[in-house]
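# Understanding the architecture of this molecule
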Amino acid sequence: MPGTTLSLTAGDDAVSSAQTTNRGDTILANTAGLLSSADEVDGGRGVDTLKATLAAAAVVSPTLTSVEKVFITAGAGAEFSAAKATGLAELWVDAAAGAATFSNVNLATTVGIQNSGAGGALTVKFAGATGTADTANIAFADATGGDEIIVAGVETLKVQSTPGSVAATTTNQVRITADQAEKITIFGGQALTTTVTGAKLSVIDASPMFMAALDLTLAGTQGVSIALNAQAAHKVTLGTGADTVSIASLAGMVAKNMDISTAATLDASAIQVASFVSGTDMLQLTSSNPATKATPGSAELASIAASSSLLAAATLAATTGGANKAIAFRYGADTYILVNDGAAA
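The notes below deal with the structure included here. Owing to the predicted nature of the structure, the values given are computational and were not obtained by experimental measurement.

On to empty space enclosed by the protein, then. Inspection of every chain in the model, using the stated rule, returns one cavity of 30 Å³ or more. Considering only enclosed or pocket space, the largest cavity measures out at about 50 Å³ in volume. Surrounding the largest cavity, Val93, Ala96, Gly98, Ala100, Ile113, Gly120, Ala121, Leu122, Asp147 and Glu148 form its lining. Of all the secondary structure elements, the ones that give two or more residues to the lining of the largest cavity are strand S14 (121-126) and strand S16 (147-151). By residue class, the composition of the lining of the largest cavity is six nonpolar, two polar and two charged.

As structure tokens, then:
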């Protein structure tokens, strides 16, 4: 049996736990101006949700007790303060009309962007982010507007890319700007396209991102170690520093088979590393099955390079390198590395 639904009014509301249930209640303030700093809501037991709309430039700080999820549809320049919220587990901006701010957010609260389309910037100010090892959790769902999330003063970010309620959405598109972040972990079951900006960033661990593809671009970084899992067709565009890309699960029982039956399936099996500078950047390949470097002759490499298509080049390279070998070859303007673990697809 579902919980109850309550609507706030234009006055000063006081919703007590006596008015709510333990089955997950919903509190609505879907018209701008209904949620104010004078409102008090106690959700009581259960996982309760507040859905509110804020007018442009509005600043609101309601008293929330045991309201676990808050979804804010923000007008341009609106600010929601969680200073008087206790028990808040998730705080989402839902279809913002422009730039918005979440302030005084507890580090234990997951902050998310969903149903976006305007491409606004969400600035998140975490309360207590004054140490040298703070961690915050970020989530995206149906974020397709090219939004930006700006996080200050947090050293470690955990970023989850998840499917939302819109079946047609296949990729979240969000920029991440984190001035103090040193490490970012990326995971989830929805593809993510993101540009990460952070001068202090040194590690991006995307190895848990094996169910969906990551399209990652570095900006303003000074040398980042990036970990990828070869089970998805990731793309990484490196920054100006000395970057290291480590790719795991290239061969062995947990590896994803490369499908070279068609050009389209080959492209979907590949991991792309762009803006790689030889002598500056580094590529590290690991697998559970031992694979050694193939040493094709110049004539063999020339034959691969002269192939009629990338599909033909990859097929020839696999045959030339042989089983349990990693072979590097050029085709067109790019360099490719193919790992053949000798296992049947």
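From this point, the narrative continues.
The two faces of a sheet get side chains in turn, since along a regular strand they alternate between them. Burial along strand S22 (residues 214-219) is one-sided: Leu214, Leu216 and Leu218 are buried, and none of Asp215, Thr217 and Ala219, which face the opposite way, are. Where strand S20 (residues 191-197) meets S22, six bridges bridge the pair, whose relative direction is parallel. Considered in S22, the bridge of threonine 197 is made with alanine 219. Bridge count for S22 against strand S24 (residues 235-237) is three bridges, and the pairing is parallel.

Here we take up the sheet that holds strand S2 (residues 14-15). Paired through their backbone hydrogen bonds, the strands of a sheet run either parallel or antiparallel. Strand order in the open sheet formed by four strands is S2-S4-S7-S10, with parallel pairing between adjacent strands. With partners counted over all chains shown, the strands left at the sheet margins are S2 and strand S10 (85-86), one partner each. The sheet contact formed by strand S7 (residues 63-65) and S10 spans two bridges and is parallel. Pairing of leucine 64 across the sheet is with alanine 85, part of S10.

What counts, and where the lines are drawn
- Residues numbered from 1 in each chain as written.
- Predicted model: local features only at pLDDT ≥ 70, side-chain atom pairs only at ≥ 80, totals over all residues.
- Heavy atoms only, no water.
- 1 Å grid on protein atoms, 1.4 Å probe; cavity = no way out; pocket = protein on both sides within 12 Å on 5 of 7 lines; lining within 4 Å.
- Points joined across faces, edges and corners; volume = space filled by probe spheres on them.
- Helix = DSSP H or I, 4+ residues; strand = E, 2+ residues; numbered from the N terminus.
- Nonpolar A, V, L, I, M, F, W, Y, C, P; charged D, E, K, R; others polar.
- Buried < 20%, exposed > 50% of the residue type's maximum accessible area, 1.4 Å probe, protein only.
- Pairing = 2+ DSSP bridges.

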